[in-house]
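Reading the structure
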Amino acid sequence: MKRFNVAFFIKIWIITVCIIGFLPPVKVFAWGDNYVDPDTGEKGRPSYTIEEIDNGAIGATPVSDGEDYKNNDNYPGQIIFNTISDSTIGDEKNFVGARQTDLLEDGRAESAIPNTKWQGNNITVTDGAFFVLRLYVHNNNPNGEDAVAENTRVKFSIPNGTSKQIQVNGFINSSNATPSEYWDYVNFNSEIPFHLDYVYGSALVNNNKTQAEAAAGGYLDNAGWKLSDDIVKAASTDGVLIGSDALDGRVPGGYEYANYVTIMVRSIFDYEYTVEQKVRLADSDDDWEDVIEAKVGDKVEFRIEYKNTGNMKQTGVTIKNILPENLRYVEGTTELKNSSHPNKATAEHDYLVADGTKIGDYEPGANAYVYFTAEVVDENLEVGANALTNWSQAGVGQKTIQDHASVIIYKNAAWFPVVTTILLCLIVLCLAAIAGLLFYKWRIRQKP
């Protein structure tokens, strides 16, 4: 009998581990349910075709058991959602999808933009784009009102934070369905880190009844019952009730009772950059400060620095300034300093303090300075100290960040000089009286 070669075994194990380490990762599908087969222990609900359901796979039907099917032990059968593999939306296990949309002025979503379809697993985002997320809810039992799913709730999980990929999950729950909980996902992707903002007030549920109500009311676009914004709140672990006849959680079996739940989100690119504002007295060599003191009539100079701190080029950078009351912009003083204008360039227009001014495109690590001058005026200064806070904003794409600097102005009351003069006179009189008293006492002491 040959001896077991331990060294040879270890070498084979190391090689195997190395090979596995270089294999591409296996995709883990983020859809599922809480079903566990009581006989085999296997997880996950089965899939059925329409033909299989018609033939009694989850409940007796006229096809499977004839006219007397309602007396069958398998009637009305199992309450189960989204198992059909050849449904009107395709495979119902892929029940969460997304597509880009346009936002109308009244806050509604326009139908999908041309040449786009529901994306069930991955969708690419652009900066500032709006998307509709759809969650399909179909009680697959073929026996209608005799097979009602109770306490049916839905919710979406939209992660906070910034990433190049954000996975949004949708959930269905029902108290008498088996399984009782279902989930599916769609990934939002970009080469630039971004976050998703939920559009408050956008949650709707659509079904045959909402469409009938819309048609009766003379409108067909974007019909649906409004749902609470709790549909996306993390604290709302159970989601919100839906229903095919009312928002009561009741969903009978069959296509005619299916529900389409939609919400809107917006993708915002999180460009990495900074903005810093400083101030000093104009025409001076003073250091740039966050806060300075000045008086009415003085001119102050502001400096706004933008810097690209990311690793990608940033295009169309915009700088805007929001002057407070009692600071008046001096026309023609906006200047830009960057690699293209190392000695500063004067802006052709005074857009900085109106709609903002574009300062160009910047590679990673590049920066720019914007300068302008303002005059301190007295439009409504209050007596005492006045802090005039000036805000500057830097925008890249849909993202805007801001910084501020302040000018402190002291204003005395109109009666202050008079009171000061009177007080000085009183002080002088008091001192004279004291001096006279002391002199009088000294003279008395000098008498023999």
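Please read all numbers here as calculations on a predicted model, not as lab measurements.

As a further point, take the overall build of the chain. Per the secondary structure count, the chain includes five helices and 22 strands. Contacts spanning at least 24 positions in sequence make up 69% of the contacts within the chain whose residues lie at least 6 apart. Element-wise, carbon and sulfur atoms account for 53% of the exposed surface of the chain, whose accessible area totals about 25400 Å².

With that settled, the discussion passes to the pairing of strand 13 (residues 291-294). The two faces of strand 13 differ: I292 and A294 on one face are buried, but V291 and E293 on the other face are not. The sheet contact formed by strand 13 and strand 22 (residues 399-411) spans four bridges and is parallel. For E293, the partnering residue across the bridge sits in strand 22 and is I408.

Moving on to the confidence of the model for the chain. Per-chain confidence: the chain averages 88 in pLDDT, with 85% of residues scoring 70 or above. Across residues 1-29 the pLDDT falls below 50, and counting only partners more than four positions away or on other chains, this stretch makes four contacts in the model.

Quick look at the pattern of salt bridges now. Summed over the entire model, instances satisfying the criterion amount to nine salt bridges. For D230, the salt bridge identified is with K233, shortest N-O distance 3.6 Å. The exposure class assigned to D230 is partly exposed, which follows from its relative accessible area of 32%. Taking the shortest distance from any N to any O, the salt bridge between K295 and D298 comes out at 3.5 Å. Its relative accessible area of 54% is what places K295 among the exposed residues. Of the residues examined, D298 reaches a relative accessible area of 17% and is grouped as buried.

Membership of the largest hydrophobic core comes to 78 residues, with the highest contact counts inside it found for L133, F156, F188, I231, V261, I263 and V300. The contact partners of F156, leaving out residues within four places of it in the chain, are V96, L133, R134, L135, V168, N169, G170, I231, V232, V261 and I263.

Another aspect to go through is the pairing of strand 22. Here strand 21 (residues 384-396) pairs with strand 22 via 13 bridges, running antiparallel. What sits directly across from W391, in strand 22, is H404. Two successive antiparallel strands, strand 21 and strand 22, enclose a turn made up of two residues, where G397 displays a positive phi of approximately 60 degrees.

The residue H404 is located in strand 22 in this model. Here H404 falls in the partly exposed class, since its relative accessible area comes to 35%. Expressed as a C-alpha distance, the spacing of H404 and S392, which sit 12 residues apart in the sequence, is 6.0 Å. Residues in contact with H404, not counting those within four places in the same chain, are Q277, T389, N390 and W391.

The next point concerns the environment of E272. Note on placement: E272 falls in the loop between strand 11 (259-269) and strand 12 (273-281). Looking at E272, the relative accessible area reads 43%, which means it is partly exposed. Separated by 42 residues in the primary sequence, E272 and Q314 place their C-alpha atoms 9.1 Å from one another. Ignoring sequence-local partners within four residues, the contact set of E272 consists of K307, N308, T309, G310 and Q314.

Moving on: a negative patch on the surface. A cluster of acidic side chains, namely E51, E52, D54, D86 and D91, defines a negative patch on the protein surface. When you line up the elements, D54 lands in helix 2 (residues 50-54).

With respect to the secondary-structure elements, T88 resides in the loop between helix 3 (62-65) and strand 2 (96-101). Separated by 167 residues in sequence, T88 and Y255 have C-alpha atoms that sit 9.1 Å apart. Ignoring anything within four residues of it in the chain, the contact list for T88 reads Y136, Y255 and Y260.

Our next topic: a nonpolar patch on the surface. On the surface, L424, I427, L431, I434 and L438 cluster together to form a nonpolar patch covering roughly 510 Å² of accessible area. Residue position: L424 is located in helix 5 (residues 416-446).

Okay, the packing of aromatic side chains next. The final tally for this structure, using the stated rule, is 12 aromatic pairs. Between the aromatic rings of Y329 and F372, the centroid separation amounts to 6.0 Å while the plane-to-plane angle is 45 degrees, which identifies the pairing as tilted. Note that Y329 is positioned in strand 16 (residues 327-329) and F372 in strand 20 (residues 367-376), a separation of 43 residues in sequence. Overall, the relative accessible area of 0% leaves F372 in the buried class. Connected via pairs of aromatic rings, a cluster forms that spans Y273, Y306 and Y362. We note K155 situated over the ring of F171; from NZ or CZ to the ring centre the distance is 5.2 Å.

What counts as what
Residues numbered from 1 in each chain as written. Predicted model: local features only at pLDDT ≥ 70, side-chain atom pairs only at ≥ 80, totals over all residues. Heavy atoms only, no water. Helix = DSSP H or I, 4+ residues; strand = E, 2+ residues; numbered from the N terminus. Contact = heavy atoms within 4.5 Å. Areas by Shrake-Rupley, 256 points an atom, 1.4 Å probe, with all protein chains shown as cover. Buried < 20%, exposed > 50% of the residue type's maximum accessible area, 1.4 Å probe, protein only. Pairing = 2+ DSSP bridges. pLDDT = per-residue confidence, 0-100. Salt bridge = Lys/Arg side-chain N within 4 Å of Asp/Glu carboxyl O. Core = buried A, V, L, I, M, F, W, Y, C linked by side-chain atoms within 4.5 Å. Patch = residues over 30% accessible without salt bridge, like charges linked within 9 Å, V, L, I, M, F, W, Y side chains within 5 Å. Lys, Arg positive; Asp, Glu negative; His and termini not counted. Charge placed at Lys NZ, Arg CZ, Asp CG, Glu CD. Phe/Tyr/Trp six-rings, centres within 6.5 Å; stacked < 30°, edge-to-face > 60°. Lys NZ or Arg CZ within 6 Å of the ring centre and 35° of its normal.

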